[in-house]
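Inside the fold
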Amino acid sequence: MFSITKVWTEEKIRFIIHKLDEKTGLSGADLPIAFKAYGNTLGNYQYVEPKAFGFNRKFFNASSTNEAEVIDVIRHEYAHYYCDVAHLAHYIGHSARETSHGDDWKWACKMVGADPTRCHNASIFSNKNWSEKEAAAVYNAEDVKAFNILSYLKTWDQVPMDSDSATRVLTRIKESTPNSYFEDGDEIVHPKRGFGIVIETIPCKYRTQKVQVLFEDLTDGVFRANELCKIVDGVAKACR
Ligand SMILES: [Zn+2]
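Residue indices follow the written sequence of each chain, beginning from 1 at its first position. Under the rules for a predicted model, residues below a pLDDT of 70 receive no local features and side-chain atom pairs below 80 are neither given nor counted, while totals for whole chains, interfaces and linings still include all residues. Hydrogens and water are ignored here; the side-chain numbers use all heavy atoms of the structure.

1. A closer look at the nonpolar core
- Among the nonpolar cores identified, the biggest contains 49 residues, and Trp 8, Phe 55, Phe 60, Tyr 82 and Ile 149 are the most heavily contacted of them.
- Each helix is a run of DSSP H or I of at least 4 residues and each strand a run of E of at least 2, with the numbering of both proceeding from the N terminus. Of all the secondary structure elements, the ones that give two or more residues to this core are α1 (10-24), β1 (33-36), β3 (52-56), α2 (57-61), α3 (67-86), α5 (103-112), α7 (132-139) and α8 (149-156).
- The element best represented in this core is α3, accounting for eleven residues.
- Any two residues whose heavy atoms approach within 4.5 Å at even a single point are treated as in contact. Excluding residues within four positions of it along the chain, Trp 8 makes contact with Ile 13, Ile 16, Phe 35, Phe 60, Asn 61, Glu 67, Val 70, Ile 71, Ile 74 and Tyr 139.
- Residues grouped as a nonpolar core are buried Ala, Val, Leu, Ile, Met, Phe, Trp, Tyr and Cys residues, joined through side-chain atoms within 4.5 Å. Summary of the burial criterion: residues with accessible area below 20% of their type's maximum are buried, those above 50% are exposed, and those between are partly exposed, where the area comes from a 1.4 Å probe applied to protein chains only. Judged by nonpolar contacts, the second largest core, of nine residues, contains Val 211, Phe 215, Ala 225 and Leu 228.

2. Quick look at the pairing of strand β7 (residues 220-224)
- Only one face of β7 is buried, namely the one carrying Gly 221 and Phe 223, since none of Asp 220, Val 222 and Arg 224 on the opposite face is buried.
- Strand pairing is defined by DSSP finding a minimum of two bridges between the two strands. Of the pairings in the sheet, the one linking strand β6 (residues 208-215) to β7 comprises five bridges and is antiparallel in character. Residue pairing in the sheet places Gln 212 in a bridge with Val 222 of β7.

3. Here's the deal with the pairing of strand β4 (residues 187-190)
- The side-chain alternation of β4 yields one buried face, formed by Ile 188 and His 190, and one unburied face, formed by Glu 187 and Val 189.
- Sheet analysis places β4 next to strand β5 (residues 194-204), joined by four bridges and oriented antiparallel. Bridging from a neighbouring strand, Glu 187 pairs with Ile 197 of β5.
- Between the end of β4 and the start of β5, which pair antiparallel, lie three residues.
- Pairing geometry for β4 and strand β8 (residues 229-232), over two bridges, is antiparallel.

4. Side note on the sheet that holds strand β2 (residues 43-46)
- If you trace the three strands from one edge of the open sheet to the other, you get β1-β3-β2, paired in mixed fashion. Pairing within the sheet leaves two strands with one partner each, and these edge strands are β1 and β2. Along the sheet, successive strands turn relative to each other by an average axial angle of 15 degrees, direction set aside.
- Looking at chain direction, β1 and β3 are connected through four bridges and run parallel. From the neighbouring strand, Ala 34 faces β3, where its bridge partner is Gly 54. Lines fitted to C-alpha atoms define the axes here, with helix axes fitted over just the stretch in contact, and angles between the N-to-C directions of these axes take values from 0 to 180 degrees.

The quantities given are spatial measurements derived from coordinates; they are silent on function.
Structural data, given as structure tokens:
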């Protein structure tokens, strides 16, 4: 198996975290990293101040541990960090029974390319046989899609829907109420703020969309579709 590093150091771990930061817009690499000999814990993320990552030096540098495993442990802990700083439990939910590996954490795992199972499972990784190119891609988080979670939450106050639900919601609106279906560039009227242009939309729960609008006075805002009237062929359609 191809290997980029034989010996893991705090610096190399920080590099992996920094590459994830570049994709998520977060700042995990600014946190302290304790790299020491824990017992059976492979890694941990400390939620309380001072927030920090901890990794098991013995496990990381054992000859039986491959790099794919190490990177997955780093991403697993990074997903905990991601949940924490983005307050994902608030947006996705998290029952007390789930401890720290609930739906919010699983969602974060998907976003950062970590295996979303609570306990590290070496068998998933034992037959990973990376080429030099593949290994470099994972080191550089090239397999992780760029998505700025904080800016998305700030604009939309929700996480994106999964693509199947999104398609279902949008198809349904287009078919049943085309005058309430919004796309980028649509012209609209808001009862209080007047005329505007749709900049961006996202599907959301209850079979509707959230719509970001740029108004003539160059202010913008995000609204539920039913707060807006779409202008079709020069005529403002009644809001639903
Ligand atoms: Zn965990």
